[in-house]
Amino acid sequence: MIIWNDNDIKSSVARQLNPLLKNFKQSDKMNINCEIDNVQQGSPLAFDRSWNFNLQQGSPALSGGITGIQRIFPTGLAFFGMKKVMFLDNCNDQNYYFAAPIPTTQFGAAL
């Protein structure tokens with residue numbers, strides 16, 4: 001699992017590298033260090049089901065990813081005994097395998 005890499009593309013100021021999501025709104029007062037559930041004090045907006053995390057045409061996140069890395073747990077990382085957590089369906093809620101996707105030049109979401 002890669003969490004930080006010296007070759008990562010990072011912004012130096014907020015919103016410098018906007019990924020151009022199709023529909024997403026963030027509070028202008030957003031503060032990642034906010035310790036209270038109050039938007040006016042910097043907490044995030046409540047989740048909105050109308051948000052669309054796919055990318056718009058021209059998004060900087062459509063290219064620049066590196067593919068020359070090896071995945072850890074390519075056949076899946078097992079999570080056993082997760083009762084009452086529905087991942088796939090009711091018959092499969094006891095055990096779950098997470099497999100990271102194959103690296104691509106695109107970052108995360110799709111068009």
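Everything in this summary refers to the structure shown in the same document.

The number of helices and strands found in the protein chain is zero helices and four strands. Starting at the N terminus and walking to the C terminus, you meet the elements of the protein chain as β-β-β-β. Going through the 111 residues of the protein chain one by one, you find that 9% of them count as buried. A fraction of 54% describes how many contacts in the protein chain between residues 6 or more apart in sequence connect residues 24 or more apart. For the protein chain, the exposed area adds up to about 9,300 Å²; of that, 54% sits on carbon and sulfur atoms.

Take the packing of aromatic side chains next. Scanning the model with the defined rule gives four aromatic pairs in all. A centroid spacing of 4.7 Å and a plane angle of 65° characterise the contact between Phe24 and Trp51, whose relative ring orientation is edge-to-face. Taken together, the positions of Phe24 in the loop between β1 (21-23) and β2 (52-55) and Trp51 in the loop between β1 and β2 put the pair 27 residues apart, joining distant regions of the chain. Note on Phe24 and Phe53: the rings are 5.5 Å apart at their centroids and 45° apart in plane angle, and the pair reads as tilted. Highlighted residues: Phe24 in the loop between β1 and β2 and Phe53 in strand β2, separated in sequence by 29 residues. Residue Phe53 is classed as partly exposed on the basis of its relative accessible area of 38%. Here a set of aromatic residues connected by ring pairs shows up, and it is made of Phe24, Phe47, Trp51 and Phe53.

How each quantity is defined
- Residues numbered from 1 in each chain as written.
- Predicted model: local features only at pLDDT ≥ 70, side-chain atom pairs only at ≥ 80, totals over all residues.
- Heavy atoms only, no water.
- Helix = DSSP H or I, 4+ residues; strand = E, 2+ residues; numbered from the N terminus.
- Buried < 20%, exposed > 50% of the residue type's maximum accessible area, 1.4 Å probe, protein only.
- Contact = heavy atoms within 4.5 Å.
- Areas by Shrake-Rupley, 256 points an atom, 1.4 Å probe, with all protein chains shown as cover.
- Phe/Tyr/Trp six-rings, centres within 6.5 Å; stacked < 30°, edge-to-face > 60°.

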